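# Structure assessment
So the chains spell out like this:
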Amino acid sequence: MGHSEFVPDEAAFLETLEQLVSIESPSHDVEAGNRLAGYLEERLKADGFEVRRVARQGVSDHLVASLDAGGDVSTLLLCHYDTVWPIGTISEMPLVRREGKLFGPGVQDMKGGIAIALHGVSLARLEGELAGKVTLLITSDEETGSLTSRDLIEELARQHDRVLVLEPARDDGALKVARKGVGDYEVKFNGVSSHAGNSPELGASALRELSHFLIYAESLSEDGKGTTVNVTTARGGSVRNVIAERAACGIDFRVRKQSEADRVHESIMAYQPRDPRVKVTVEGGLNRPPLELTEANQALFDEVRQRASARLGLELEGAEVGGGSDGNFTSAIGVPTLDGLGAVGAGPHARHEQVDIEATVGRVALLAAILRA
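Here's a quick rundown of the structure.

Reading guide: rules and limits
Residues numbered from 1 in each chain as written. Predicted model: local features only at pLDDT ≥ 70, side-chain atom pairs only at ≥ 80, totals over all residues. Heavy atoms only, no water. Helix = DSSP H or I, 4+ residues; strand = E, 2+ residues; numbered from the N terminus. Buried < 20%, exposed > 50% of the residue type's maximum accessible area, 1.4 Å probe, protein only. Contact = heavy atoms within 4.5 Å. Areas by Shrake-Rupley, 256 points an atom, 1.4 Å probe, with all protein chains shown as cover. Lys, Arg positive; Asp, Glu negative; His and termini not counted. Charge placed at Lys NZ, Arg CZ, Asp CG, Glu CD. Polar contact = N/O pair within 3.5 Å; in protein donor to acceptor, adjacent residues only side chain to side chain. Salt bridge = Lys/Arg side-chain N within 4 Å of Asp/Glu carboxyl O. Expected span 1.5 Å × (residues − 1). Arc of directions from axis to C-beta. Phe/Tyr/Trp six-rings, centres within 6.5 Å; stacked < 30°, edge-to-face > 60°.

It is worth spelling out the overall build of the chain at this point. Along its length, the chain carries ten helices and 16 strands. Put simply, the chain has 373 residues, and 53% of those count as buried. Counted over contacts in the chain with a minimum sequence separation of 6, partners at least 24 positions apart contribute 81%. If you sum the accessible surface of the chain, you get close to 16,000 Å²; carbon and sulfur atoms cover 48% of it. Computing the positive centroid from 39 side-chain charges and the negative centroid from 57, the chain places the two 4 Å apart.

Structure follows, in structure tokens:
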């Protein structure tokens, strides 16, 4: 089988990608997101998909596009169209092609992934039979925690044999075979105010309690296990001459294993204030479970790696990364999941966000090879 079997149309791919980037779609702008959803709906229908829009309160519509095909291996492709960039960013960070790269807001995270999904499915069909049913789920709230799409993601994943996540690859092109779970807490401290000069002893400082708590919380980190617990925001007090009655802090924590998430959660919830007059309340927990390298995930990666080698002459690597994705949800419910199949580039969420054109177009061929019977 020759390596020229899957040859993507680079010009058509770039046209699609530039169109997607030019329709800006920040997470919190419902109207803007729905403009892009409308474009994608028409595009997917023209490509032969059956499309339904799933409306949820406070966010733009999620899109579920299905393509029934022969074959018995069904695939869920996971994408999101929301970006971290506000409307108008494209005038400050315009679409630019330079030295084999394409720059622009959301080009890598993850409009490149959506373009790969569209062109990868088309290329696979052009070359022959699909391995089975393909469903493309494109959500609108991944960047803000997937709060309105998680149930949809899990429901669809259970109906498929495998999940391929079109999030960006690692900068060197490696696929993502493991991701840390991600969680957060908001912790509030309610103390007793008093005059800082006349009667400080009558006060119970919420700020002092926060400082004890910060050291306690961050000591829960375990470098050897890849567990990080960081107090990343803090606020408190009212004026300089009053013992602080109130304070609050925010925590970001990341774990490789569910057992570590349980340990951190139990420890945070068990915190006892040094000053019993200060009341401590904790809200939050694990938002995304870890994407662990399970046997099922390893088997899927091995199959994709073997296929890439045989059909494309491509040697793929797998990597563990710290950030989470919607693939964390599908892996945690036991559906074989492989992540990082999207754009190859650099600078997601950064001003220099970019994709490597040749490597990213290569991902179209890779996806087509995976989806083929």
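Past the structure itself, the notes keep going.
So, on to the environment of Glu 154. Tracing the sequence through the fold places Glu 154 in helix α5 (residues 150-158). For the pair Glu 154 and Ser 331, spaced 177 residues apart in sequence, the C-alpha separation works out to 9.4 Å. Here the side chain of Glu 154 touches Arg 150 through a polar contact of 2.9 Å, side chain to side chain.

The next point concerns the environment of Leu 20. If you trace the backbone, Leu 20 turns up in helix α1 (residues 10-22). The buried category is assigned to Leu 20, whose relative accessible area is 0%. Apart from the residues lying within four places of it in its own chain, the contact partners of Leu 20 are Leu 36, Tyr 39, Leu 40, Lys 111, Ile 114 and Ala 115.

On to the pattern of salt bridges. Under the criterion given, the structure shown has 23 salt bridges. Residue Glu 41 is joined to Arg 53 by a salt bridge in which the shortest nitrogen-to-oxygen separation is 3.1 Å. Of this pair, Glu 41 sits in helix α2 (residues 30-46) while Arg 53 sits in strand β1 (residues 50-54), and the two are twelve residues apart along the sequence. In this structure Glu 41 comes out as buried when scored by relative accessible area, which is 14%. Taking the relative accessible area as the measure of exposure, Arg 53 reaches 30% and is therefore partly exposed. A salt bridge links Lys 257 to Glu 292; the shortest N-O distance between them is 3.5 Å. You can see Lys 257 sitting in the loop between β11 (246-255) and α7 (258-269) and its partner Glu 292 sitting in the loop between β12 (279-288) and α8 (295-312), a full 35 residues away along the chain. The class for Lys 257 is partly exposed, based on a relative accessible area of 46%. Several salt bridges converge on common partners, so that one network encompasses Glu 41, Lys 45, Arg 53 and Asp 61.

Here we come to α7. Its twelve residues give α7 an end-to-end C-alpha distance of 17 Å, which sits within 8% of 16 Å, the value for a rise of 1.5 Å per residue. Among the residues making up α7, those that are buried are Glu 260, Ala 261, Val 264, Ser 267 and Ile 268. End-on, the buried residues of α7 take up no more than an arc of 135°, which puts them together on one face. Tucked inside the fold, the buried residues of α7 contact β9 (181-190), α6 (206-218), β10 (228-236), β11 and β12.

What follows concerns the packing of aromatic side chains. Any two aromatic rings considered together are summarised by their centre-to-centre distance and by the angle between their planes. One pass over the structure, following the stated rule, counts five aromatic pairs. Consider the rings of Phe 189 and Phe 213, whose centres lie 5.6 Å apart with planes at 65°: the pair is edge-to-face. Residue Phe 189 is found in strand β9, and its partner Phe 213 is found in helix α6; the two are separated by 24 residues along the sequence. Accessibility classification places Phe 189 together with Phe 213 in one group, the buried group. Consider the rings of Tyr 216 and Tyr 271, whose centres lie 5.0 Å apart with planes at 55°: the pair is tilted.

A few words on unusual backbone geometry. Outside of glycine, negative phi angles account for most residues, and trans bonds account for most peptide bonds. Omega for the peptide link from Asp 109 to Met 110 comes to -10°, which places this bond in the cis form. Residue position: Met 110 is located in helix α4 (residues 107-127). The phi torsion at Ser 146 lies on the positive side, around 60°, for a residue other than glycine. Structurally, the position occupied by Ser 146 is in the loop between β6 (134-139) and α5. At His 349, a position not held by glycine, the phi torsion is positive, near 70°. Tracing the chain through its elements places His 349 in the loop between β15 (345-346) and β16 (354-356). A relative accessible area of 42% places His 349 in the partly exposed class.

Geometry only, nothing functional implied.
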